[in-house]
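Tertiary structure, described
If you want the building blocks of each chain, they are given just below.
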Amino acid sequence: MQTKPINFSKYPSFRIGPTCDVALLTQDTPQEEIKKHYLIGACNNTLVGNNPPPLMMLSKEFDYIRIEDNRLLIGGATPSGKVASFCKKHNIANFEFLSHLPGKLGGLVFMNAGLKEYEIFNHLLYIKTPYGISRKEEIKYGYRYTTISAPILEASFSLEYGFDAKKVTMFQAMRSNQPSTPSAGSCFKNPKNDYAGRLIEAVGLKGIMQGDMCFSKEHANFLVNCGNGKFEDAIFLIKEAQKRVFEQFGITLELEIKILDREYLGKKVL
C-alpha cells in the first residue's frame, strides 16, 4: 500500500502533531484495509495527538470537479478553494461560501460544513463511497453533523447557474472576527440558545495562556496555537473549559473539533 509521510506540526491548520506515514486510499484499496484506518482530509478541524491511530487519506485521483448530466460532480479530495474558483469561472451558484471555508470536499460533506444556513447538504444529491452510493434522503444530517461513516470518494450536487459575488463579500464579513493564528476553527459546538465563545469568556478563559495555547482574544471559541503549541496544553484547555462551563452554567460543551489520539478518539467530552 502506498503511504505518504505527513508532518502534522506543519500540515494541519493547528500546526500540532508528530510525523506519520499516512496510507493513500486509491480505487484499488481493499475494503478490509480501509476499515483498519482513520480517514483524514485537510485536517482543518482536527487536533492530532502524540499517539494517533493508523491514518489514511484520499489519493490525488479523487481531486477533480466536472459538470455531467446537469449535475456537479466533485471528488472527495478536491480543495474547497478549487471548487469555489471553478464555480466562479463557470457562473455556478450555491457554492460561494466555500471561498471562505477551508477543507476538502469529503470532509466538508462529512460534517455538513457551512456558514449560518448555507450548508453543503443544501444542494447535495448523493455521495459515492467504497461501499456504494448513498442518496441524500438516506443520510441523517443536521447542524455540523451527519451519519456518514465511510470515506466520501465523490459527491454529486444539483447544478444551478448564477454565481453571486455579493455572497462572497457577505461570507468574508461573517468570518472577519475569526483569528488568523493557527487553529482548528470552532473548538466547541454552540449549545442550544447560547454560544460557546460567550460561555468560555464568562468563565474567565478567553486569552488565558497554557504554554503557547489559548482561547483566542478575538473569538473565545477558537483554540489557537500562538507559537510552539503542544497537544497536552490544548487538551488541558479543552478539559478546563468543559469543567468550568459545566460547574458554572450546568451546560456540557461538546467538541466540534476532532481529536486524533487513541486516548481521546471519538470523545465529545473529555
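Residues numbered from 1 in each chain as written. Predicted model: local features only at pLDDT ≥ 70, side-chain atom pairs only at ≥ 80, totals over all residues. Heavy atoms only, no water.

Digging into the overall build of the protein chain
Along its length, the protein chain carries six helices and 19 strands. Here the protein chain has a C-alpha radius of gyration of 19 Å; the compact-globule value for 270 residues is 18 Å, and the two agree. By its C-alpha atoms, the protein chain is 55 × 45 × 30 Å across when sized along the principal axes. When each of the 270 residues of the protein chain is scored for burial, the buried share is 47%. (Helix = DSSP H or I, 4+ residues; strand = E, 2+ residues; numbered from the N terminus. Rg over C-alpha atoms; globule rule 2.2 N^0.38 Å. Buried < 20%, exposed > 50% of the residue type's maximum accessible area, 1.4 Å probe, protein only.)

Considering helix α6 (residues 231-249)
Between its terminal C-alpha atoms α6 stretches 27 Å, which fits the 27 Å expected from 19 residues at 1.5 Å a residue. Here α6 has its buried residues at Phe231, Asp233, Ala234, Ile235, Leu237, Ile238, Glu240, Ala241, Gln242 and Val245. Those residues of α6 hidden inside the fold are in contact with β4 (46-48), α5 (196-202), β16 (209-210), β17 (213-215), β18 (222-225) and β19 (258-260). Phi for Gly250, located one or two positions after α6, is positive at around 70 degrees. (Expected span 1.5 Å × (residues − 1). Contact = heavy atoms within 4.5 Å.)

A word on the sheet that holds strand β15 (residues 183-186)
Spatially, the four strands line up as an open sheet ordered β15-β18-β17-β16, and their pairing is antiparallel. Sheet topology places β15 and β16 at the edges, where each strand pairs with a single neighbour. Relative to β18, β15 runs antiparallel, the two sharing two bridges. Bridge pairing links Ser186 to Phe222 in β18. (Pairing = 2+ DSSP bridges.)

Section: the sheet that holds strand β6 (residues 65-68)
Working definition: the strands of a sheet are paired by backbone hydrogen bonds and lie parallel or antiparallel to each other. Taken together, five strands build an open sheet; the order of strands is β6-β7-β14-β10-β11 and the sheet is antiparallel. Among the strands making up the open sheet, the edge pair consists of β6 and β11 (132-135). The mean angle between the axes of side-by-side strands here comes to 20 degrees, regardless of whether they run parallel or antiparallel. Relative to strand β14 (residues 154-158), strand β7 (residues 71-75) runs antiparallel, the two being bridged by five bridges. Directly across from Arg71, in β14, lies its bridge partner Ser158. Each of β6 and β7 touches helix α2 (residues 80-89); the most contacted strand, β6, lies at about 45 degrees to it. (Axes fitted to C-alpha atoms, helices over the stretch in contact; angles between N-to-C directions.)

Some points on the layout of surface pockets
Roughly 160 Å³ of volume is contained in the second largest pocket. If you go around the second largest pocket, the residues you meet are Lys4, Tyr11, Leu24, Met57, Leu58, Ser59, Lys60, Asp63, Ala77, Pro79 and Lys104. Residues of the lining of the second largest pocket, tallied by class, amount to six nonpolar, one polar and four charged. (1 Å grid on protein atoms, 1.4 Å probe; cavity = no way out; pocket = protein on both sides within 12 Å on 5 of 7 lines; lining within 4 Å. Points joined across faces, edges and corners; volume = space filled by probe spheres on them. Nonpolar A, V, L, I, M, F, W, Y, C, P; charged D, E, K, R; others polar.)

Some thoughts on the nonpolar core
Ranked by internal contacts, the top residues of the largest apolar core, which has 29 residues, are Leu72, Phe95, Leu98, Val109, Ile120, Ile127 and Phe157. Taken together, the elements giving at least two residues each to this core come down to β7, α2, α3 (105-110), β10 (124-129) and β14. The biggest single contributor to this core is α2, with four residues. Sequence-distant contacts of Phe95, that is, excluding residues within four places in its chain, are made with Leu72, Val83, Cys87, Ile120 and Phe157. One finds Met213, Phe215, Val245 and Tyr264 within the second-largest nonpolar core, a separate group that totals 27 residues. (Core = buried A, V, L, I, M, F, W, Y, C linked by side-chain atoms within 4.5 Å.)

A short note on empty space enclosed by the protein
Counted under the stated rule, the structure contains one cavity of 30 Å³ or more. Around the largest cavity, the lining residues are Asn94, Phe95, Phe97, Glu119, Ile120, Asn122, His123 and Phe157. Across the lining of the largest cavity, the residue classes break down as four nonpolar, three polar and one charged.

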